[in-house]
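# Fold and contact review
Each chain, written out:
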Amino acid sequence: MKCKRAYLIINPRAGQNIAKLTDVMPVLSAAGWKTDIAIKEYGGHTMELANKGAEEGYDLIIGYGGDGTLNNVVNGVMSAKGQHSIVGVIPGGTANVWASEIGIPIDPVKSSLTLVNSEAHKVDIGHVEAESLTFPNISAEQQQPTSDNQNKKGHTKKVKATSKAKHHFLLMAGLGIDAAIMSHVSKPLKYKIGPLAVGITAAQELPRQHPFPIEIRSGDNGKEDSVVWKGEVLQVVIGNTRRYGDIAEMTPNAHIDDGILDICVITSGDPLSTVQQITALLFRRKPDNTVSEYFRGAHFTISVPASINMQLDGSAVNLKDYLSKAERQALAQADAEHVMVNYRFDAMPRALQVAIPYTYDDALFESGPDKKQVEVLQQEHASDQQQQEQASTHHDDKQADAQQQQMLEHVDALLTNGRKVTIVGVTPNPNKKDAYIIAGGTPKKSTGENKPVAVTIDDNTTIIRHTGEHLPPSVAKELIEGSTIVVEGKQSKRGVIHAKRVVIA
């Protein structure tokens, strides 16, 4: 992926992600990226930083954190004027659903290697807006004079759009049990024990949950909104992608480039089936089709009680953020269970560029596998064969004997005194032909402490076996995690070693 300037926004997670920053930076630097770093300091800060980065013209905005951090980055970039920034992720959260969806490793070093060898794809983004509040009819003594139209269902008050709320989602939106749980999860506990914190909160929240009424209207094809479903439910999931809670596929037919949102409604059913559906959610299985409904469309309006929580990409959002001061006051004076909020959900086709690994099979894309990736692999294979033939020709040369002996002596010296690097991972360097980035660690001479480094290999690098045999650069792909190489070359302040010679055991 072509990138000159990257902006890395970190959710510190009580210092956990900051501690791994020194592991990540050598890889990004080895790719030739000038990476500036910002750290989230308070709620909403990530969205502000992403917005600033996009407006300042960074090529890539990277969220280092969980799906909530990624959602804030998406919202910040989407709200930037004339934004063209690509959004990437280094997973460092609890569930990391997006990373699992597109095949990004959870380990920060391996995910960084995957990120530098990614390609920008345009994807759909979900958009949500609180359109209106419908209040039940109340007596004149309880209600201030209003110009709103009255009807037998109550009076509806249109909501003015606000810029404070998060309006976009990459993965999914949820109304019901999941949002109620996520809104009560303790962040310190989540940082300490991970997914188990969600399970503990779920056990506390489930007894308080009950079915609630909803009405779904479709506004597709330019027609007036028509009711497509009405009833009582436990959960509604509006999916832009497929995975839910990292494992289950709540909206298994979703594509991220089809301009469509997929809705899964889990109905209340009888008491036994209700328990089964809740259990299915907690254990991350697909809901039973007998008590679930599915709908697809580009535009939906969903009416739910104002007391029902909503989440975007796994993070709870607050209805109050969508309301003006007057609207919040009106809601506070009413019973939220009897006030209906009307949410508008829209698919925004191909509205955002995201970094997708070259190794991803493109299952989420309706257009199918990326043919460019296949072409790159074919070219790489052809290049490998050519280099192996050249290496073979070199060793057939009778004049190489003296050079071979000299090389063996140099190899012995390197094995004794050279810089030893233990490998964590390897990726092709997309900026150069027949070039690779090797992430690993090397011991400090003074303390023996392992220091993260990234080794760059290109056509200027001589690669040798310990027996003196010359090897092509493509041999780097065969290096496995935990093996050791010996490297000769200058090391930059960022921990990048530009390899002049590499010895492989």
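The structure we're discussing is the one just above.
Within every chain, residues take consecutive numbers counted from 1 along the sequence as written. Restriction of local features to residues with pLDDT of at least 70 applies here, the model being predicted, together with a cutoff of 80 or more for giving and counting side-chain atom pairs; totals for whole chains, interfaces and linings are based on all residues. By convention in this description, side-chain values take in all heavy atoms of the structure and omit both hydrogens and water.

So, on to the nonpolar core. One recurring pattern in soluble globular proteins: nonpolar side chains tend to sit buried together. I61, V74, V77, V87, W98, L170 and L352 are the most contacted members of the largest nonpolar core, which totals 38 residues. Residue assignment for this core shows that the elements contributing at least two residues are strand 1 (5–10), helix 3 (45–55), helix 4 (67–78), strand 4 (86–91), helix 5 (97–102), strand 5 (118–135), strand 14 (261–267) and strand 19 (340–357). Of all the elements, helix 4 adds the most residues to this core, at five residues. Residues F135, V236, M310 and L312 belong to the second largest nonpolar core, which totals 37 residues. Grouping buried Ala, Val, Leu, Ile, Met, Phe, Trp, Tyr and Cys residues that are joined through side-chain atoms within 4.5 Å yields what is termed a nonpolar core. Exposure is judged per residue with a 1.4 Å probe applied to protein chains only, and the accessible area is read against the type maximum: over 50% gives exposed, under 20% gives buried, and values in between give partly exposed. Secondary structure elements follow DSSP: runs of H or I of four or more residues count as helices, runs of E of two or more count as strands, with numbering from the N terminus.

Here we come to the environment of A179. With respect to the helices, strands and loops of the structure, A179 is situated in helix 7 (residues 177–184). Judged by relative accessible area, which is 0%, A179 ranks as buried. C-alpha separation for the pair A179 and N309, spaced 130 residues apart in sequence, amounts to 5.2 Å. Any pair of residues with heavy atoms lying within 4.5 Å of one another is described as a contacting pair. Other than its neighbours up to four places away in sequence, A179 contacts G174, N309, M310, Q311 and A316.

Patches draw on residues past 30% relative accessible area with no salt bridge. Two like charges within 9 Å are joined, as are two nonpolar side chains (Val, Leu, Ile, Met, Phe, Trp, Tyr) within 5 Å. In short, Shrake-Rupley with a 1.4 Å probe defines the accessible areas, and a residue's cover is counted only from the protein chains shown. A pairing counts as a salt bridge when a side-chain nitrogen of Lys or Arg comes within 4 Å of a carboxyl oxygen of Asp or Glu. On the surface, I18, I37 and I39 cluster together into a nonpolar patch covering about 210 Å² of accessible area. Along the polypeptide, I37 turns up in strand 2 (residues 34–39).

Attention now moves to unusual backbone geometry. Backbone geometry at N96 places phi at a positive 55 degrees, although glycine is not the residue there. Mapped onto the secondary structure, N96 falls in the loop between strand 4 and helix 5. Judged by relative accessible area, N96 falls into the buried class, the value being 5%.

With respect to burial, strand 5 is a largely interior element, 15 of its 18 residues being buried. Two strands qualify as a pair provided DSSP detects at least 2 bridges between them. Pairing geometry for strand 5 and strand 19, over 15 bridges, is antiparallel. Looking at the pairing, L133 lines up with V341 of strand 19. Examined bridge by bridge, strand 5 and strand 8 (residues 168–169) share two bridges and lie antiparallel to one another. If you follow H127 over to strand 8, its bridge partner there is H168.

This part is about the packing of helix 2 (residues 21–30) against helix 6 (residues 108–116). Put simply, helix 2 and helix 6 touch, their axes get as near as 9 Å, and they point 20 degrees apart. Overall, the two elements helix 2 and helix 6 adopt an arrangement that is roughly parallel. Crossing of helix 2 against helix 6: the hand is right-handed. Across from D23, V24, V27 and L28 in helix 2, the residues of helix 6 making contact are P108, V109, S112, L113 and V116. For helices, the axis comes from a line fit to the C-alpha atoms of the stretch in contact; other axes are also lines fit to C-alpha atoms, and the angle between any two N-to-C directions lies between 0 and 180 degrees. Roughly parallel covers angles under 35 degrees, roughly antiparallel covers those over 145, roughly perpendicular covers 65 to 115, and oblique covers all other angles. Here a crossing is taken to be left-handed if its near helix is turned anticlockwise relative to the far helix by less than a right angle, and right-handed if that turn runs clockwise.

Inspection of the secondary structure assignment puts D458 in the loop between strand 22 (450–457) and strand 23 (462–465). Within the structure, the side chain of D458 is placed 3.5 Å from the side chain of K432, a separation counted as a polar contact. Every residue in contact with D458, bar those within four places of it in the chain, is listed here: K432, D434, A435 and P473. Whenever a nitrogen or oxygen atom comes within 3.5 Å of another N or O atom, the pair is scored as a polar contact, on the condition that within protein one atom can donate a hydrogen and the other can accept it, and that pairs from neighbouring residues in sequence are kept only if both atoms are in side chains.

With that settled, consider the environment of N417. Its place among the elements puts N417 in helix 13 (residues 400–417). The class for N417 is exposed, based on a relative accessible area of 60%. Separated by 69 residues in the primary sequence, N417 and V486 place their C-alpha atoms 9.1 Å from one another.

Moving on: the packing of aromatic side chains. Note on aromatic pairs: the rings of Phe, Tyr and Trp (six-membered ring only in Trp) are paired at centre separations within 6.5 Å, and the planes decide the class, stacked below 30 degrees, edge-to-face beyond 60, tilted for the rest. Tallied over the entire structure, the rule returns three aromatic pairs. A ring pair is formed by Y7 and Y58, whose centres lie 4.8 Å apart and whose planes are at 20 degrees; its orientation type is stacked. Of the two residues, Y7 is situated in strand 1 and Y58 in the loop between helix 3 and strand 3 (60–65); the sequence distance between them amounts to 51 residues. Under the relative-accessibility criterion, Y7 is labelled buried at 6%. With a centroid separation of 6.3 Å and 50 degrees between ring planes, the pair formed by Y343 and F345 is classed as tilted. For the pair shown, Y343 and F345 are each scored as buried. Put simply, the rings of F169, Y343 and F345 pair up and form one aromatic cluster. Against the face of Y58 rests R5, its NZ or CZ located 4.0 Å from the ring centre. The rule is short: NZ of Lys or CZ of Arg within 6 Å of the ring centre and within 35 degrees of the ring normal puts a charge over the ring.

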